[in-house]
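# Results of the structural survey
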Amino acid sequence: MGTIFQNAILVQLDPAIVQPGGLRVSDGKITAVGNVIPEQGDEVVDCGGAVLMPGLVNGHTHLYSALAAGMPAAPKTPTNFYEILKYIWWRLDLAHDVQSIRASGVVGALSALRCGTTTLIDHHASPNAIEGSLSELEGGIAQAGCRGVLCYETTDRNHVEEARRGLDENERFVVLCKKRNNGRFAGMVGAHASFTLNEDSLAGCVSLAKELMVGVHIHVAEDLCDEAMTKAGYGNSLFDRFAKHGLLDLPGTIFAHGTHLSDADIDTVNQRDTITMAHNTHSNMNNAVGYAPVARFKKPPMLGTDGIGADMWREARTAQFKSHDGDIPLPFGRPLAMIGESARFASNALGVKLGVLEPGAEADLVLTRYTPATPLNADNLAGHMIYAMGPEFVSDVMIGGDWKLRSGAVVSCDEVAIRSQCVEVSRALHERMGEIPCE
Ligand SMILES: [Zn+2]
């Protein structure tokens with residue numbers, strides 16, 4: 001018994017494939033593509049000539065900000081990126097407890113689901129609730145039904161012992177996921193950023209990642225302050241410090257942002273296959289940190305939202321448009337390859353095949369109501385994705401062969417009840433945040 005999708009336009013982003021037809025799903029995977037014939041007991045879905053595509057992957061996000069809407073304004077107005085962190089995000093992360101972490105997980109993943117985003121590569125922080133936090137986050141994400149590649153962002157910015165506790169949480173979660181090996185959740189070693197990690201903490205991240213055979217997920221040169229504070233505090237440039245600690249050659253490592261990299265730094269990234277960049281257009285605009293040299297990276301950076309929702313169509317569109325403000329505009333359609341890179345990274349981390357419509361791939365599928373009004377083919381797919389399509393067309397989402405969204409309604413959990421319960425959790429979170437001094 002399986003599910004048969006018929007009368008669809010099958011769309012794969014990278015490499016671009018557009019073909020009319022259908023596919024069969026059984027035991028959580030795509031088992032056949034093309035002209036599929038239903039067997040007795042199969043569920044048959046008539047796609048009505050609309051686009052059916054693989055679930056999208058968000059390459060860098062922070063679900064801990066999923067309950068940020070309506071949070072109290074910072075008592076002082078930030079005047080630069082460092083103050084944005086200190087006055088806003090580092091007060092929100094300090095205010096988290098286990099309940100608000102789980103609530104952030106489910107609310108963030110529900111938003112993702114509605115955008116056809118089925119896997120989240122997340123970077124989590126909750127300095128007053130470190131132990132077990134990744135399992136709480138996982139519990140929330142799993143309630144909505146999404147997959148996740150999670151890590152705790154190790155730092156010693158609040159206390160010296162905080163880094164050890166962050167590393168322990170990363171280790172606990174990576175070991176747990178490796179043991180379960182279920183393709184749903186995987187762990188990495190998270191690190192906040194060079195400028196909030198002392199030498200021991202940074203060395204601890206790299207040595208733990210080597211021991212566990214996973215990569216490090218770290219913010220890199222998001223703002224000029226990362227390079228400047230690294231130089232002032234540790235006497236090395238950012239990349240020299242990373243080289244000294246062996247971070248540049250650690251396979252499966254994510255460098256988020258890379259907004260302010262020198263020509264030599266970009267060459268260093270381009271000479272290696274160990275590093276995957278993650279670009280977050282809206283977040284960079286929101287924080288006014290500048291524009292990352294996205295077009296100069298040989299391997300497409302992953303596309304992420306950095307905690308601003310999970311709408312990969314919006315992110316792709318703005319990544320394309322915003323690149324006109326940089327020195328080298330992105331070749332048209334490059335954001336599709338960037339979404340493809342997010343899927344490849346998550347596939348490697350989870351040990352499954354995501355982002356493709358082929359036998360053996362996970363049945364993470366997004367059925368849209370997008371029936372194109374103009375010709376659609378592999379050569380002009382980017383035009384449809386960037387100018388015409390969007391989450392408003394997402395009607396049904398299947399993850400691992402199970403329905404999570406059906407005709408626009410969440411079926412993996414009681415969305416209305418959860419969102420209403422989260423209001424009280426958020427109110428308490430915002431109150432705790434309001435009590436944290438702004439210094
Ligand atoms: Zn980030």
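These lines cover the structure that appears in this document, whether it is placed above or below. Everything numeric in this text was worked out from a predicted model, so none of it was measured.

## As for the coordination of the zinc ion
- At this site the zinc ion is bound by H60 (NE2), H62 (NE2), H219 (NE2) and D306 (OD), with donor distances of 2.0 to 2.2 Å.
- The site at the zinc ion holds 4 donor atoms, and with the angles between them running 87 to 167°, its shape is irregular.
- When the donor residues of the zinc ion are listed from N- to C-terminus, their spacing reads H-x1-H-x156-H-x86-D. Taken together, the residues H60 in strand β6 (residues 56-61) and H219 in strand β12 (residues 216-220) connect sequence positions 159 residues apart.
- By relative accessible area, H60 is classed as buried at 0%.

## Notes on the state of the cysteines
- Enumeration over the complete set of coordinates arrives at 0 disulfides.
- C177 forms no disulfide, and the closest cysteine sulfur to it belongs to C151, at a distance of 11 Å.
- Exposure remark for C177: the relative accessible area of 5% places this residue in the buried category.
- No disulfide involves C413; its sulfur sits 9.5 Å from that of C146, the nearest cysteine.

## Looking at the sheet that holds strand β10 (residues 185-187)
- Here 4 strands make up an open sheet; going across it, the order is β6-β7-β8-β10 and the pairing parallel. The sheet is open, and its two borders are formed by β6 and β10, each paired with just one other strand. Between one strand axis and the next, the sheet turns by 15° as a mean value, whatever way the strands run.
- With respect to the sheet, helix α4 (residues 162-180) is in contact with β8 (147-150) and β10, its orientation differing from that of β10 by roughly 140°.

## Topic: the pattern of salt bridges
- Going through the model one piece at a time under the given rule, you end up with 26 salt bridges.
- As a salt-bridge pair, E136 and R102 come within 2.9 Å of each other at their nearest N and O atoms. With a gap of 34 residues between them, E136 in helix α3 (residues 133-144) and R102 in helix α2 (residues 98-114) connect regions that are remote in the sequence.
- The exposure class assigned to E136 is partly exposed, which follows from its relative accessible area of 22%.
- The exposure class of R102 is partly exposed, given its relative accessible area of 35%.
- With its nearest N and O atoms 2.8 Å apart, the salt bridge here joins E415 to R114. Taken together, the positions of E415 in helix α13 (residues 415-435) and R114 in helix α2 put the pair 301 residues apart, joining distant regions of the chain.
- Judged by relative accessible area, R114 falls into the partly exposed class, the value being 32%.

## Quick look at the packing of α2 against α13
- Across the interface, α2 lies against α13 with an axial gap of 9 Å and an inter-helix angle of 130°. Considered as vectors, α2 and α13 are oriented oblique to each other. Seen from above, α2 lies across α13 with left-handed handedness. Residues Q99, S100, A103, V106, V107, L110 and R114 of α2 form the contact with α13, whose participating residues are E415, I418, R419, C422, V425, L429 and R432.
- Class assignment of the residues belonging to the contact of α2 with α13 gives a composition of 8 nonpolar, 2 polar and 4 charged.

## What to know about the environment of F255
- In this fold, F255 is placed in strand β13 (residues 253-257).
- Taking relative accessible area as the criterion, F255 reaches 0% and is therefore assigned buried.
- In the structure, F255 is positioned 253 residues away from G2 in sequence and 40 Å away in space, judged by C-alpha atoms.
- Excluding residues within four positions of it along the chain, F255 makes contact with I218, V220, F239, F242, L247, L248, I275, T276, M277 and A278.

Here is what the cut-offs are and how they apply
- Residues numbered from 1 in each chain as written.
- Predicted model: local features only at pLDDT ≥ 70, side-chain atom pairs only at ≥ 80, totals over all residues.
- Heavy atoms only, no water.
- Donors = N, O, S within 2.8 Å, 3.2 Å for Na, K, Ca; no water.
- Tetrahedral: all angles 85-135°; square planar, octahedral: opposite > 155°, others 65-115°.
- Helix = DSSP H or I, 4+ residues; strand = E, 2+ residues; numbered from the N terminus.
- Buried < 20%, exposed > 50% of the residue type's maximum accessible area, 1.4 Å probe, protein only.
- Disulfide = S-S within 2.5 Å.
- Pairing = 2+ DSSP bridges.
- Axes fitted to C-alpha atoms, helices over the stretch in contact; angles between N-to-C directions.
- Contact = heavy atoms within 4.5 Å.
- Salt bridge = Lys/Arg side-chain N within 4 Å of Asp/Glu carboxyl O.
- Parallel < 35°, antiparallel > 145°, perpendicular 65-115°, else oblique.
- Left-handed = near helix turned anticlockwise from the far one by under 90°.
- Nonpolar A, V, L, I, M, F, W, Y, C, P; charged D, E, K, R; others polar.

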